[in-house]
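Residue-level structure breakdown
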Amino acid sequence: MIVFKITFLFELAVLFSQIAFSQADTMITRKETITMKHFSLLVRVPETYNSEKAKLVNPQWDKLVEEWKDTGVYVLSFAFPGESYTVSGAKKEVRKEIVFADNLKVVSNVVIQAEDIEHALELAKSIPVLTYGGSVEVREIPKKLVSSEAM
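For the structure given in this document, a descriptive report is provided here. (Residues numbered from 1 in each chain as written. Predicted model: local features only at pLDDT ≥ 70, side-chain atom pairs only at ≥ 80, totals over all residues. Heavy atoms only, no water.)

On to helix α3 (residues 117–124). Those residues of α3 not exposed but buried are A120, L123 and A124. Down the axis of α3, the smallest arc covering the buried residues is 100°, so these residues share one side. Considering only its buried residues, α3 is in contact with β1 (37–46), α2 (51–71), β6 (104–114) and β7 (135–140). Between the side-chain oxygen at the start of α3 and the backbone nitrogen of E118 there is a gap of 3.3 Å, and the oxygen is on D116. (Buried < 20%, exposed > 50% of the residue type's maximum accessible area, 1.4 Å probe, protein only. Helix = DSSP H or I, 4+ residues; strand = E, 2+ residues; numbered from the N terminus. Arc of directions from axis to C-beta. Contact = heavy atoms within 4.5 Å. Polar contact = N/O pair within 3.5 Å; in protein donor to acceptor, adjacent residues only side chain to side chain.)

What follows is the structure, encoded as structure tokens:
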């Protein structure tokens with residue numbers, strides 16, 4: 001009878017510890033689960049930004065993108081090399097031109113994941129072209145991006 005009671009109490013203790021650990025895991029999981037939003041970082045550089053400066057910045061870009069990939073921030077990016085066209089007005093005129101705003105032109109778009117706009121702005125501060133007079137426009141993408149493979 002004593003052996004039965006000891007065995008029963010031991011099994012009961014094991015059961016309670018399993019329940020406690022599973023609840024702790026759930027609490028940890030809930031804490032770590034953060035809904036991430038997508039943000040577009042439109043990267044602009046001044047007219048004076050040339051291929052020499054780009055060569056200096058490229059290793060910094062590569063390092064930043066690797067860091068962002070490692071931390072799950074990076075989603076995708078693409079540069080806008082080459083020619084640029086605009087379609088404008090009621091007549092839908094097409095012009096081959098580079099559009100400058102405040103003497104800056106858009107050269108790439110980087111899509112990242114962040115908790116909120118403040119987090120996205122902090123991440124944008126690490127864009128290397130800022131050192132060379134560039135700017136980064138940060139906008140939230142209103143809907144979660146879905147890759148074409150998922151469709």
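From this point, the discussion proceeds with the structure in view.
Time to look at the layout of surface pockets. Put simply, the largest pocket is a space of about 600 Å³. If you go around the largest pocket, you meet 24 residues; those closest to its centre are A79, F80, P81, V107 and S108. Elements represented by at least two residues in the lining of the largest pocket include exactly β1, α2, β2 (74–79) and β6. The leading source of residues in the lining of the largest pocket is β6, at six residues. Split into classes, the residues belonging to the lining of the largest pocket amount to 16 nonpolar, six polar and two charged. (1 Å grid on protein atoms, 1.4 Å probe; cavity = no way out; pocket = protein on both sides within 12 Å on 5 of 7 lines; lining within 4 Å. Points joined across faces, edges and corners; volume = space filled by probe spheres on them. Nonpolar A, V, L, I, M, F, W, Y, C, P; charged D, E, K, R; others polar.)

Nothing here speaks to function; it is geometry throughout.
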